[in-house]
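Report on the structure
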Amino acid sequence: MNEFLTSMAGVVAAATPVVVAVIGETLTERSGVINLSLNGLIVLTAMVGFASAYITGSVWLGILAGFVTGVVAGMVISFSSITLKQSQVAVGFILSLLFRDLAYFLGTPFMVIPGPTIGSWSIPFLKDIPIIGQLFFRQNPLVYFSYLLIIGSFYLIFHSRPGLILRGVGEQPVSAYSRGIAVNRQRYLYTALGTGLAGLAGPMYTLNIKAGWNGTMTGLDGIGWIVLSITIFGGWNPLRGALGAYLFVFLQWLGLALQPRLVNVPSQVLQVAPFPLMILTLLFVNIGDTEWVAKMLATLPRGLRGVIYRIIRLLRKPPPASLGVPFERE
Amino acid sequence: MIRNHKITNYLFRIAGILIAFLFTAIVLMIARANPSEAFANIFLGAVSTPIKIADSLVAWVPLILTSCGLVITFTAGLWNIGIEGQITLGAIATTWMLRLLQDSGWPSVVILLIGFLAGIAGGVIWAMLAGGLKFFGGVSEIFAGLGLNFIATALTIYLIFGPWKRAGVASMSGTKPFEESLWLPTIPGFRLSIWSIVLAVVSVLIVFILLKNTIIGLRLKAVGKNPKAAVQMGIPTSRYMLLSFILCGIFAGLTGAMQVIGVYHRLIPSISSGYGFLGLLVAMLVNYQILWAAPVALFFAALNIGGIQLPIMMKLDSTLSGVMQSSFVLFYILMDGVRKIWIKNKEKTRDE
């Protein structure tokens, strides 16, 4: 039991960068902008964060460097999609490749060297709560930050005035504009904030979870795509997104834990287990929208149809209506 | 006035390329390297000897093949990011057929042809999976494709370390190489095969004719430009989108088959070598015009080959080629946005 608790505390720690990146992407997408560069961005901030911490000797400057890199990336995305009105998917995809290659190119001098790491810091009193204390409150400070972020961003989006404006900008930019809201300024703001948060994920890996920078062997290529799909799974809701992130890392751990029992399956195969799962989740979330399902449902008896509709509605959360669409005032 | 716009269009494109060079130079300076020395090494590394030129052409073939397929999906307005997996599945299917038939005693030509067909089938099946997920499951082709890419890579590694492992040691170097009789014949002294060049050129021409002169091409364009209007014109949109996936899968599968039969002569873990994603960059840059893809892909392939010199000559990582390629496309697209705003403003002042 104790051993299991330690593993689960490890899952909570390992899920933290995913949680933070998912919430960042949720904020960005809520305003109507997609950051498809996320995969490259996490690799780049991982390198930049480690390098900065190594040079300055301060892990916190490393974390800050990750945030700043993320903000700059967000500004490039907003500028190209909001001001220059170019395709967000195109620019995001190009940046994803560019950031990744930049990380590998510029990261060479920092490869395979020991650097500073973030230590854990137990919260007094809370750490002594049975089970919960061991799971959640004997972690490093960034994990505690992620708890605050989950609650704070949920409150911001759904229970505050700025959040109301944010949702308005993402759902109905035209009516938001007619009520005097600077739609594009809001989008710039939340894109930068969201990518900045996503930029924290990289240093969290290289300064804590997978300490050190190992070039292509760092093994972060792919995380960003997972984050993007968890954002969809989470229905652009920080609570659901965080749950998705914890679930994902738990399943990853489960794969590793089961490995000794599956001797014939190479470890590389178990590592990709999340991806079929990602496709299946997206399938469950989206299939209710397709024409053929709608047609098939129409032929079912009423009672059964109602039940299925309810399940579909529970799984499905529609994306912000103007996601990816540039706003033009006419 | 139109003529005037054409000149400004070219000026903006050239400016984009220059900015990309400048950006790469800054990146090199951050890495404390001399930019002109690095550019010279890349250039010489790609063209200084006949062998290097031939190697650039060897890299050009898979790149132009994937670009051929991607121009079709782009025309239909789709992002086939799953192309990497489609290449991989093509390579797996080809390897499978060659393994089955290598001791059959059949003529090599027959076995190789079957190998290529199997590759096409592999690519098409994987493309149809992504397409099917999009049209019957409502999953964005971007995420379906990405997931399928990772699954394809895992399948390759499983095969190399599992059922197809080399006698004795299974390793990242791949499966056991095929007999030389099953290699695509090359020009003596080079790694380049005339047949692969022929295949590439024919593919470009086929896609050019398909998109320019056939009803299918016209309808794909209609679907890509405005799907809603296409439906009103009576075009079965999703059927045409699925068709574009299948056509792209053909070229992706061919790429995989070519890498197995013509280049590596076995299945290796990273058999797609990133040519799918690079093809996406090429297709974005040429903006649906397949004829332009030929020179652009050659330039990108030369950058890949030239980049190999960087670790040898300057102790720099060869990923600089990737930095250059993606910054070319990035600044091209950014300058395109600037150009549109510039023209709009100019017309506004003229109207006043």
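Because the structure is a prediction, the values reported are computed rather than measured. (Residues numbered from 1 in each chain as written. Chains lettered and ligands numbered in written order. Predicted model: local features only at pLDDT ≥ 70, side-chain atom pairs only at ≥ 80, totals over all residues.)

Now for the overall build of chain A. Broken down by element type, chain A carries 15 helices and 0 strands. In terms of overall size, chain A behaves like a compact globule, its C-alpha atoms giving a radius of gyration of 21 Å where 330 residues would be expected to give roughly 20 Å. Its C-alpha atoms put chain A at 55 × 50 × 45 Å along the principal axes. (Helix = DSSP H or I, 4+ residues; strand = E, 2+ residues; numbered from the N terminus. Rg over C-alpha atoms; globule rule 2.2 N^0.38 Å.)

As a further point, take the overall build of chain B. Along its length, chain B carries 14 helices and 0 strands. The order of α-helices and β-strands along chain B, N terminus first, is α-α-α-α-α-α-α-α-α-α-α-α-α-α. The globule rule puts the C-alpha radius of gyration for 352 residues at 20 Å, and the 22 Å found for chain B is close to it. Buried positions account for 52% of the 352 residues belonging to chain B. (Buried ≥ 20, exposed ≤ 12 C-beta atoms within 10 Å, placed from the backbone.)

An ideal rise of 1.5 Å per residue puts 30 Å on 21 residues; helix 6 (residues 141-161) of chain B measures up with 30 Å between its terminal C-alpha atoms. Judged by how many residues are buried, helix 6 of chain B sits mostly within the fold: 18 of 21 residues are covered. (Expected span 1.5 Å × (residues − 1).)

Let's shift gears to the nonpolar core. Grouped burial of nonpolar side chains is what soluble globular proteins tend to show. Counting residues in each nonpolar core, the largest one holds 201 residues, and the members touching the most others are M47 of chain A together with I64 and V282 of chain B. When residues of this core are assigned to their parent elements, the largest contribution, 15 residues, is made by helix 10 (residues 237-264) of chain B. Both of domain 1 (1-33 + 316-352) and domain 2 (54-314) of chain B provide at least three residues apiece to this core. (Core = buried A, V, L, I, M, F, W, Y, C linked by C-beta atoms within 7 Å. Domains from an automatic or database assignment.)

In this section: the interface of chain B and chain A. Taken together, the contact between chain B and chain A spans 39 residues of the former and 36 residues of the latter. For the side of chain B that touches chain A, the secondary structure elements donating two or more residues are helix 1 (2-30), helix 5 (108-137), helix 6, helix 11 (275-286) and helix 14 (320-351) of chain B. Looking at which element gives the most residues to the side of chain B that touches chain A, the answer is helix 14 of chain B, with 13 residues. The class makeup of the residues in the side of chain B that touches chain A is 28 nonpolar, 9 polar and 2 charged. (Contact = placed C-beta atoms within 7 Å. Nonpolar A, V, L, I, M, F, W, Y, C, P; charged D, E, K, R; others polar.)

Here we take up the environment of S171 of chain B. All names here are of chain B. Relative to the assigned elements, S171 resides in the loop between helix 6 and helix 7 (194-213). Of the residues examined, S171 has 11 C-beta atoms within 10 Å and is grouped as exposed. In this structure, the C-alpha to C-alpha distance between S171 and I268, residues 97 residues apart in sequence, is 9.4 Å.

With that out of the way, let us pick up the domain arrangement of chain B. Residues and elements named next belong to chain B. Split into domains, chain B comes out as domain 1 (1-33 + 316-352) and domain 2 (54-314). One C-alpha centre belongs to domain 1, the other to domain 2; they are set 29 Å apart. When its residues are assigned to classes, the side of domain 1 that touches domain 2 shows 6 nonpolar, 4 polar and 1 charged.

Leaving glycine aside, a negative phi is the common case for residues, and trans is the common case for peptide bonds. Even without being glycine, K85 of chain A reaches a positive phi, approximately 55 degrees. Here K85 of chain A is to be found in the loop between helix 3 (59-83) and helix 4 (88-106). For K85 of chain A, a count of 14 C-beta atoms within 10 Å corresponds to the partly exposed category. Look at R32 of chain B: it is not a glycine, yet its phi comes out positive at around 55 degrees.

Let's shift gears to the packing of helix 11 of chain B against helix 14 of chain B. Residues and elements named next belong to chain B. In contact at an axis separation of 10 Å, helix 11 and helix 14 are set at 30 degrees when each is read in the N-to-C sense. As the angle between them shows, helix 11 and helix 14 are arranged roughly parallel. You can see that helix 11 and helix 14 cross each other, and the crossing is left-handed. Mapping the contact onto sequence places L278, L281, M284 and L285 in helix 11 and Q325, S326, V329 and Y332 in helix 14. Each residue belonging to the contact of helix 11 with helix 14 can be placed in one class, and the counts come to 6 nonpolar, 2 polar and no charged. (Axes fitted to C-alpha atoms, helices over the stretch in contact; angles between N-to-C directions. Parallel < 35°, antiparallel > 145°, perpendicular 65-115°, else oblique. Left-handed = near helix turned anticlockwise from the far one by under 90°.)

All names here are of chain B. Two elements in contact, helix 7 and helix 12 (residues 290-307), have axes separated by 9 Å at closest approach and are oriented at 150 degrees. On the basis of the axis angle, helix 7 is roughly antiparallel to helix 12. Here helix 7 contributes V204, V207, F208 and L211 to the contact with helix 12, which in turn contributes I290, L291 and A294. Partitioning the contact of helix 7 with helix 12 into residue classes produces 7 nonpolar, no polar and no charged.

On to the confidence of the model for chain B, then. Of the residues in chain B, 98% reach a pLDDT of 70 or more, and the chain-wide mean stands at 89. For chain B, the element scoring lowest by mean pLDDT is helix 9 (residues 227-232) of chain B, at 81; helix 4 (residues 83-101) of chain B scores highest, at 94. (pLDDT = per-residue confidence, 0-100.)

Let us now look at helix 10 of chain B. All names here are of chain B. For helix 10, with 28 residues, the first-to-last C-alpha span of 39 Å sits near the 40 Å given by 1.5 Å per residue. Along helix 10, the largest kink reaches about 30 degrees and is centred on M258. By the criterion of burial, helix 10 is predominantly enclosed, with 23 of the 28 residues buried. (Bend = angle between axes of the 7 residues up to and from the residue.)

Here the focus is the environment of I312 of chain B. Residues and elements named next belong to chain B. Here I312 is to be found in helix 13 (residues 309-314). Given 11 C-beta atoms within a 10 Å radius, I312 is considered exposed. In the structure, I312 is positioned 271 residues away from N41 in sequence and 9.9 Å away in space, judged by C-alpha atoms.

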